[in-house]
Amino acid sequence: MESFPHLEPELLIANYALDATSYYRNEAWEQTVGSDWSRMSGEDRARAVQFLKEAADGSLVTNQFFMLKMPDAADPVPVLLNFLPAHVKPEDPSEDGPPAIGAVTVTGEVLREPATWTQSQTQRNRLETLGRMTMGIAHDFNNLLSGILGYTELLKNYAKEELADKTLIEHLDTVEQAALDGAALIRKIQQYIRQERQEHFAPLDIPTLIQDCIALTRPYWYNEPRRQGIAIEVEQEYEDVPPVMGSATELREVFLNLILNAVQAMPNGGRLVFRTDESRKGVRIRIKDTGMGMSDSVRERIFEPLFTTKGERGTGMGMAVSYGIIQEHEGTINVKSHLGEGTLFEIILPQAEGSGQEHISDPEERPSETARILIVDDEEMVRNILVKLLSLKGHDVVSVGSASEALATLDGEVFDIVFTDLGMPEMNGRQLAHAIRQQFSDLPIVLLTGDTETGEPGEDVDVVLSKPFKVAQLQNTIQQLLPH
């Protein structure tokens, strides 16, 4: 990494009128800051202007840190600035009151490179690199999840039609749900890196959600304990409750965490009870175990970040995250526990407004038309699963591995719809869509992507679908795009 350019440790001085107009700057200021704030980022410029206003109103604003991008330097230069109101003597000395403010003086200094600066910049670069790597891994992981979901659907279809094996279908349902949860978590990572917020709340049936979590954790509370000669019994008592508005993935994370904690609290076996009912405040969920319980001091800190009773095995974030999720859902979570008497968690979530939901027919329930479809994706696994899923629905499907192959195929064959991946070498999906539009203006194009930053469909793309996807989404999209 290059060091900062050599700058003499001279005091930076500039004077500003009350309307933020500069009328004096010393040479050090000119060489470092320039004639205006253009060497700062937009955010820093806004801060500087705000501090000028505060100083013009009489406030003393000191020790404000800014980064300047110097023309001949690879790295930004840090400076520390002070915004000082300049008081002037009143024309009439007999007037009472404090002296008026006539200008603002800004002083500052270039911070010399501390010993830790290079280290901290290196750490920052590493974190930025890690973020970019994570986005790439997330994209690849979405492709893998597409294969898992696709082949799970094929197996479920086979189990229903050929084997009529209910137990196998239930196992495949669990695998499918785990893959969907994995996809949702990947989206959360992508959105976190981009500082986006996920606000896709939908009506949820809480008993069904809890049953999914119980099925997903069966190896932890049933299989593994029994191998050790321990029995943990699960009881479920669900009253009819209205739906709540929420994120299934996030609430499932809460219930999974509570279940695993309860199992760990019952090393000698016990009973885990789930109850739901409707209270005056909303839908109430109670999860009770007959485990070791908690002392008063532990119970009072159970939702604190980084607090754990599991030693090196615990992160201290599970319950804190659960508490945050319930708060985001405008709900409450409370705990009752005594040593030797087990633990009871009570969660209350507000019910969804207008709980009566109209039935929306599954696209597979409606008469469907078949289509001739071209699949374009450089990932062989994704191509194969798309061909199999769409062929299962009666469509005639052709797949190619690049944009150039797609254009050559379209020159010689007729298709009803094109599905293309976004991230491909040589020519990406949007570029391919634009090229197709030049020759086939009415051919529907669906963009497939494993990323979250997809943008709107636009002129060249009719629909954007995020990976991983289920066959119902593909089928519904096809039926919407086919002429009727």
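To be clear, the structure that these remarks concern was listed above.
Computed from a predicted model, the values in this text were never measured in an experiment.

Draft legend 1. Just helix α10 (residues 380-392), in detail. Its 13 residues give α10 an end-to-end C-alpha distance of 18 Å, which sits within 8% of 18 Å, the value for a rise of 1.5 Å per residue. Directly after α10, the chain includes Gly-394, whose backbone phi takes a positive value near 90 degrees.

Draft legend 2. Region of interest: the sheet that holds strand β9 (residues 270-279). Here we have five strands laid out as an open sheet, ordered β7-β9-β10-β12-β11, and mixed in their pairing. The open sheet terminates on both sides in strands that have one partner only, identified here as β7 (232-238) and β11 (332-337). Averaged over neighbouring strand pairs, the angle between their axes works out to 15 degrees when direction is ignored. Sheet topology places β7 next to β9; seven bridges connect them, and they run parallel. Within β9, the residue paired with Ile-232 across the bridge is Gly-270. Docked against the sheet, helix α5 (residues 206-216) engages β7, β9, β10 (282-289) and β12 (343-349), running at close to 170 degrees with respect to β7. On the sheet, helix α7 (residues 248-264) packs against β7, β9, β10 and β12 and is oriented at approximately 170 degrees with respect to β12.

Draft legend 3. How the structure looks around the environment of Tyr-16. Turning to its location among the elements, Tyr-16 is positioned in strand β1 (residues 12-16). On a C-alpha basis, the gap between Tyr-16 and Leu-52 in space is 8.1 Å, while along the polypeptide they are 36 residues apart. For Tyr-16, the residues in contact, after removing those within four places along its chain, are Thr-21, Ser-22, Tyr-23, Trp-29, Trp-37, Leu-52, Ala-103, Val-104 and Val-106.

Draft legend 4. The arrangement of helix α2 (residues 42-56) in detail. With 15 residues, α2 should cover 21 Å at 1.5 Å per step; its first-to-last C-alpha distance of 21 Å lies within 8% of that length. Packed against the buried residues of α2 are β1, β3 (61-68), β4 (77-88) and β5 (100-110).

Draft legend 5. The pattern of salt bridges, seen in detail. Using the criterion set out here, one finds 12 salt bridges in the structure. The closest approach of N and O atoms between Glu-237 and Arg-275, which form a salt bridge, is 2.8 Å. Placement of Glu-237 in strand β7 and of Arg-275 in strand β9 is noted, with a sequence separation of 38 residues between them. Arg-275 gets classed as partly exposed once you look at its relative accessible area, which sits at 30%.

Draft legend 6. Looking closely at the pairing of β12. In terms of residue burial, β12 counts as a mostly covered element, since five of its seven residues are buried. Between β11 and β12, which follow one another and run antiparallel, lie five residues, and Gly-340 among them has a positive phi close to 80 degrees.

About the cut-offs
Residues numbered from 1 in each chain as written. Predicted model: local features only at pLDDT ≥ 70, side-chain atom pairs only at ≥ 80, totals over all residues. Heavy atoms only, no water. Helix = DSSP H or I, 4+ residues; strand = E, 2+ residues; numbered from the N terminus. Expected span 1.5 Å × (residues − 1). Pairing = 2+ DSSP bridges. Axes fitted to C-alpha atoms, helices over the stretch in contact; angles between N-to-C directions. Contact = heavy atoms within 4.5 Å. Salt bridge = Lys/Arg side-chain N within 4 Å of Asp/Glu carboxyl O. Buried < 20%, exposed > 50% of the residue type's maximum accessible area, 1.4 Å probe, protein only.

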